[in-house]
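Chain and residue survey
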Amino acid sequence: RKEVEQDPGPFNVPEGATVAFNCTYSNSASQSFFWYRQDCRKEPKLLMSVYSSGNEDGRFTAQLNRASQYISLLIRDSKLSDSATYLCVVNKASGTYKYIFGTGTRLKVLA
Amino acid sequence: DAGITQSPRYKITETGRQVTLMCHQTWSHSYMFWYRQDLGHGLRLIYYSAAADITDKGEVPDGYVVSRSKTENFPLTLESATRSQTSVYFCASSERETGPIAKNIQYFGAGTRLSVL
């Protein structure tokens, strides 16, 4: 089993739709969770950190479910500019600076 | 605000040659990282450094060498390039954070596309 698993997609959704991605992780000791966005042939950029209580940033909502060991990302009112690959990132263990990146979920928002 | 820069952005080399990829950050971040990204794989950690003169292996260190004589620079050297090292290489940096909500966010350079022929 991979340490971090994501559905590769692509998720093709119309503008204005709501779309959600999940990411599962295997190490129950992981403490830090992030969603990064990566545009084609560009570097990953932080979209948002994921906090235990869940957090929202505009149209984006991130949730953490420790019992089932997954994090989720919800995007509301999708924009064409949201088209990208979304990377799930989890730290390897508590207190470590080593991070495991998922292979990413590709989102295409269609006009 | 230069941030983190990588050079060269593109490199073509031949099997057996030595290649050095450069990474420079202006934030004085303690941590620096080298990743490679290949189709079908997430970013995989090659080496990381917690401070000047402190480096450690990541998931895929074989065939690579790093050094960190200054906080701001973290070069990655392929001692004898092989075709399997054709990849996109990303450097990242992170500040050392402590406390219960420390997040240690990583900031990435634009990447170096390396082709080994």
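Our structure is the block above this text.
Residues numbered from 1 in each chain as written. Chains lettered and ligands numbered in written order. Predicted model: local features only at pLDDT ≥ 70, side-chain atom pairs only at ≥ 80, totals over all residues. Heavy atoms only, no water.

1. Structural notes on the sheet that holds strand S8 (residues 76–78) of chain B
Residue and element names in this part refer to chain B.
- Read across the open sheet, the four strands follow the order S1-S3-S8-S7; overall the sheet is antiparallel. Edge strands, defined here as strands with exactly one partner in the open sheet, are strand S1 (4–7) and strand S7 (64–66). Put simply, the sheet's adjacent strands are angled 20 degrees from each other on average, direction ignored.
- As judged from the four bridges shared by S1 and strand S3 (residues 19–25), these two strands associate in the antiparallel manner. Opposite Thr5, over in S3, you have His24 as the bridge partner. (Pairing = 2+ DSSP bridges. Helix = DSSP H or I, 4+ residues; strand = E, 2+ residues; numbered from the N terminus. Axes fitted to C-alpha atoms, helices over the stretch in contact; angles between N-to-C directions.)

2. Quick word on the state of the cysteines
All names here are of chain B.
- Inspection of the entire model under this criterion finds two disulfides over all chains.
- Disulfide pairing places Cys23 opposite Cys91 at an S-S distance of 1.8 Å. As the torsion about the S-S bond is roughly -75 degrees, the Cys23-Cys91 disulfide counts as left-handed. Taken together, the residues Cys23 in strand S3 and Cys91 in strand S9 (residues 87–94) connect sequence positions 68 residues apart. (Disulfide = S-S within 2.5 Å.)

3. Section: the pairing of strand S8 (residues 70–75) of chain A
All names here are of chain A.
- In this structure, strand S3 (residues 19–25) lies alongside S8, joined through six bridges in antiparallel fashion. The residue of S8 that forms the bridge with Cys23 is Ile71.
- Both strand S7 (residues 60–65) and S8 contribute to a ladder of six bridges, which runs antiparallel. Paired with Leu64 across the strands is Ile71, a residue of S8.
- Count of turn residues in the S7/S8 antiparallel hairpin: four residues, of which Gln69 carries a positive phi of about 55 degrees.

4. A closer look at the packing of aromatic side chains
- For the structure shown, the criterion picks out 16 aromatic pairs over all chains.
- Both rings, one in Tyr64(B) and one in Tyr89(B), keep their centres 5.9 Å apart while their planes meet at 65 degrees; by these two values the pair is edge-to-face. A residue pair is termed long-range when its members are at least 10 positions apart, and Tyr64(B) in strand S7 and Tyr89(B) in strand S9 qualify at 25 residues.
- Judged by relative accessible area, Tyr89(B) falls into the buried class, the value being 0%.
- Chaining the aromatic ring pairs together yields one cluster made of Phe34(A), Tyr36(A), Tyr99(A), Phe101(A), Tyr31(B), Phe33(B), Tyr35(B), Tyr48(B), Phe90(B) and Phe108(B). (Phe/Tyr/Trp six-rings, centres within 6.5 Å; stacked < 30°, edge-to-face > 60°. Buried < 20%, exposed > 50% of the residue type's maximum accessible area, 1.4 Å probe, protein only.)

5. Points about the interface of chain B and chain A
- Listed per partner, the contact involves 24 residues of chain B and 22 residues of chain A.
- For the pair chain B and chain A, the two sides together bury roughly 1900 Å², of which 56% comes from carbon and sulfur.
- Our enumeration of links across chain B and chain A arrives at zero salt bridges.
- For the pair chain B and chain A, the number of links is two residue pairs in polar contact (both at pLDDT 80 or more).
- Within the residue set of the side of chain B that touches chain A, elements represented by two or more residues are strand S4 (31–37) and strand S5 (44–51) of chain B.
- Residue contributions to the side of chain B that touches chain A peak at four residues, all from S4(B).
- When the residues that make up the side of chain B that touches chain A are grouped by side-chain class, the tally is eleven nonpolar, seven polar and six charged. (Contact = heavy atoms within 4.5 Å. Buried area = accessible area lost by both parts, 1.4 Å probe. Salt bridge = Lys/Arg side-chain N within 4 Å of Asp/Glu carboxyl O. Polar contact = N/O pair within 3.5 Å; in protein donor to acceptor, adjacent residues only side chain to side chain. Nonpolar A, V, L, I, M, F, W, Y, C, P; charged D, E, K, R; others polar.)

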